[in-house]
Amino acid sequence: MILFVDACVRDESRTKRLANEVLSRLKGDVKTVKLKDEKFEVTDQDYLKKRDELIAKREFDSEMFALARDFKEADQIVIAAPYWDLSFPAMLKQYIEHINVLGITFEYTKEGTPVGLCKADRLYYVMTAGGAFVPEEYGFGYVKVLAQSFYGIDNVKLIKAVGLDIYGADVDQIMNKAIRGINL
């Protein structure tokens, strides 16, 4: 199963267009999680207490952990997230908080080192940016470190199109070049 995590907001999203090109080249059934349609619980004291109690009892069949279970079981993962304010939309951070579950997506060694429990062998991070200042260590870098250090997904690839909103930019040319450059 290919898990498509869609953090795009706009109906005519350039990021989603690029992600759809990636998905069209992958083999397998696609399960889509549209983050704009998810109703994330607030990560407050009550939420954390309930979550910690379920984790302590290893009661991972709770609906609270459905997103984490899907993430763990995916064979490949595609995350589509536009580049906003040196990062990604807040709903992707909320999603990450819901999939980062001790006992499902990772565990710790006795020394406190995280060990990944996810099945995926690849994660594709797809983004577009209006500007040209797009340091990879922020949005993509954060997801890459989590994937490699917590989830056990070593092969993490960035697919991007940048400079789309610069005055005079040829958006079609930039997008087509990014699409031609997709190398899975």
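Just so we're clear, the structure is a prediction, and the values are computed from it rather than from any experiment.

Engineer: Please explain the packing of aromatic side chains as it appears in this structure.
Structural biologist: Between two aromatic rings, the relevant description is the distance of the centres plus the angle of the planes. All told, the structure shown has 8 aromatic pairs when counted by the stated rule. An angle of 65° between the planes, with centres 5.1 Å apart, marks the rings of F71 and Y151 as edge-to-face. A residue pair is termed long-range when its members are at least 10 positions apart, and F71 in helix α3 (residues 66–73) and Y151 in helix α5 (residues 139–151) qualify at 80 residues. We note that F71, like Y151, is buried.

Engineer: Could you clarify how one ought to interpret the pairing of strand β7 (residues 155–161) in this entry?
Structural biologist: For a regular strand, the rule is simple: side chains alternate between the two faces of the sheet. Examined bridge by bridge, strand β6 (residues 122–128) and β7 share 7 bridges and lie parallel to one another. Paired with M127 across the bridge in β7 is K160. The β-α-β motif built from β6, the intervening α5 and the parallel element β7 has right-handed crossover chirality.

Engineer: Teacher, can you tell me more about the pattern of salt bridges here?
Structural biologist: Pairs may arise between side chains of opposite charge once their charged atoms sit close together. Applying the stated criterion to the full structure yields 8 salt bridges. Salt-bridge contacts for D6 lead to K16; the nearest nitrogen and oxygen are separated by 2.9 Å. Linking D6 in strand β1 (residues 2–6) with K16 in helix α1 (residues 14–25), this pair joins segments that are 10 residues apart in sequence. For K16, a relative accessible area of 22% corresponds to the partly exposed category.

About the cut-offs
Each chain carries its own residue numbering, running from 1 in the direction its sequence is written. Only residues with pLDDT of at least 70 are given local features in this predicted model, and only at 80 or more are side-chain atom pairs given and counted; all residues enter the totals for whole chains, interfaces and linings. Side-chain metrics rest on all non-hydrogen atoms present in the structure, leaving aside hydrogens and water. Each aromatic pair joins two rings of Phe, Tyr and Trp (for Trp, the six-membered one) with centres within 6.5 Å, and gets the label stacked for planes under 30 degrees apart, edge-to-face for over 60, and tilted for any other angle. Secondary structure elements are defined from DSSP: runs of H or I of at least 4 residues count as helices, runs of E of at least 2 residues count as strands, and each element is numbered from the N terminus. Note on classification: 1.4 Å probe, protein chains only; a residue is buried when its accessible area is under 20% of the maximum for its type, exposed when over 50%, partly exposed between these limits. DSSP bridges decide pairing: two strands pair if at least two such bridges lie between them. Place the viewer so that the strands point away; then a crossover is right-handed whenever the path from the first strand over the helix to the second strand goes clockwise. Criterion for a salt bridge: a side-chain nitrogen of Lys or Arg within 4 Å of a carboxyl oxygen of Asp or Glu.

Worth remembering: the numbers are spatial, not functional.
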